Amino acid sequence: MFGNLAVMLRARTGPALFQGNENVLERIWRMTEPARFYINYTWKIGNFPFSIATLVLGVIVLLIAVIFSRYLRSFMRTRMERHKHLDPGVQYTILRLVHYAIMIVGIFAAFRLAFDADFTSLAVIFTALSVGIGFGLQFIAGDIASGFIILFERPVRVGDFITISGPDSKLTEGRIRSINLRTTVVMTNDSVAAVVPNSKIVNQNLLNWTYPERRTRISIPVGVSYNSDAEKVTETLLRAAEGVQFVLEDPKPSVQFLEFGDSSINFRLLVWTEKPRRHQLIKSAINYNIYRLFGEAGIEIPNPQRDINLRSGTLRFDADARTLTADGNGQPESDAEGATAAR
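Computed from a prediction, not measured in an experiment: that's the story for all the values here.

1. Concerning the sheet that holds strand 7 (residues 206-208)
Reading across the sheet, the five strands line up as 6-5-4-3-7 and stay open at both edges, with antiparallel pairing between neighbours. Looking at which strands have only one partner, the edges of the open sheet turn out to be strand 6 (193-197) and strand 7. Between one strand axis and the next, the sheet turns by 40° as a mean value, whatever way the strands run. Bridge count between strand 5 (residues 183-188) and strand 6: five bridges; the pairing is antiparallel.

Okay, here's the thing in structure tokens:
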């Protein structure tokens, strides 16, 4: 039957598509034999055979894993966003773990197809990598391990507002935007992205303003003169917190009497907010109100005062020269400002 079909096709198409007993597909296949030879030619690196064809297959498998991970995470994110009670940090952790799992499977499959690698061969690769890690990549390996610790232990989560020591021992404050395999991206209040190694978050002390809940208490200390009325100071401080943006009405602001200081009696105004990243703005607004209201109420914020004890001799203050001199040597001891500060 196939012989008759070939004869009919040859009769209809003519000799252009047929040559001898070959049809057009067979001729094309024969003409591509040199290219197929080079594509399928096997090279070896150690115990790992590979060819251009197997490398292309490995790359295709890896791309399929990346695309599948992207679409699966998008599907899961859409589903999880419908559940408002599910914490955003938990959602992020689940999505990252799904991505890592798919990519690990994809990488193993790609190695299997590209290099015909088995688990024994992969063990050799990991052994060689471990030597490199031991000599030069220990910090990167520590960051990667810390990334998994952050995802599982969750000392910080995406969306948390943290304070951590930055370059030159300066404090860096910002909201966590993403937790990657090796680094964590912190977006500061100045809209600057600070890239922090994961090992630094795990090994160093930091402040997490939103752990375990979003409400944060802000403390504003202030000292007043010993001549001030404590009840009046308390009322004035509470008035200073009224109407300040981002300050919560529940819990209500409160005032604490801290201590009797050297030069002042010290209080502390406590307010609550759900916007911890705005704590500097909140403090500034309240301090403006305190300065204004204290001035209106006649409440003094004292300067530090010191006692001067003389073992012998006397001090004389010359108002015209604005100097303080000691009898006997006539040398100025301090200026008028020092005299007024002395008690």
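We are not done yet, so read on.
2. Here we look at the layout of surface pockets
Empty space left among the atoms is revealed by rolling a probe the size of a water molecule over them. By volume, the second largest pocket is sized at about 170 Å³. For the second largest pocket, the full set of lining residues is L238, A241, E242, G243, V244, V247, L248, E249, K252 and P253. Per-class residue counts for the lining of the second largest pocket are six nonpolar, one polar and three charged.

3. Points about empty space enclosed by the protein
Considering all chains together, one arrives at one cavity of 30 Å³ or more under this definition. Empty space within the largest cavity amounts to approximately 40 Å³. Taken together, G89, Y92, T93, I150, L151, R154, V156, R157, V158 and I179 make up the lining of the largest cavity. Element by element, the count of residues in the lining of the largest cavity is highest for helix 5 (residues 88-115), at three residues. The residue inventory of the lining of the largest cavity, partitioned by class, reads six nonpolar, two polar and two charged.

4. Quick look at the sheet that holds strand 8 (residues 216-224)
Spatially, 8-10-9 is the arrangement adopted by the three strands of the open sheet, whose pairing is antiparallel. Each edge of the open sheet carries a strand with a single partner, namely strand 8 and strand 9 (254-260). Taken pair by pair, the neighbouring strands of this sheet meet at an average axis angle of 25°, ignoring direction. Here strand 9 pairs with strand 10 (residues 265-273) via six bridges, running antiparallel. Paired with Q256 across the two strands is R268, which belongs to strand 10.

5. Description of the packing of helix 5 against helix 7 (residues 138-153)
Contact pair helix 5 / helix 7: the axes reach a minimum separation of 9 Å and the direction vectors enclose 135°. It follows from the interaxial angle that helix 5 and helix 7 lie oblique. In the crossing of helix 5 with helix 7, the sense of the turn from one axis to the other is left-handed. Taken together, the residues of helix 7 that come into contact with helix 5 (itself represented by Y92, T93, R96, L97 and Y100) are F148, L151 and F152. Class assignment of the residues belonging to the contact of helix 5 with helix 7 gives a composition of six nonpolar, one polar and one charged.

Quick notes on the rules
- Residues numbered from 1 in each chain as written.
- Predicted model: local features only at pLDDT ≥ 70, side-chain atom pairs only at ≥ 80, totals over all residues.
- Heavy atoms only, no water.
- Pairing = 2+ DSSP bridges.
- Helix = DSSP H or I, 4+ residues; strand = E, 2+ residues; numbered from the N terminus.
- Axes fitted to C-alpha atoms, helices over the stretch in contact; angles between N-to-C directions.
- 1 Å grid on protein atoms, 1.4 Å probe; cavity = no way out; pocket = protein on both sides within 12 Å on 5 of 7 lines; lining within 4 Å.
- Points joined across faces, edges and corners; volume = space filled by probe spheres on them.
- Nonpolar A, V, L, I, M, F, W, Y, C, P; charged D, E, K, R; others polar.
- Parallel < 35°, antiparallel > 145°, perpendicular 65-115°, else oblique.
- Left-handed = near helix turned anticlockwise from the far one by under 90°.
- Contact = heavy atoms within 4.5 Å.

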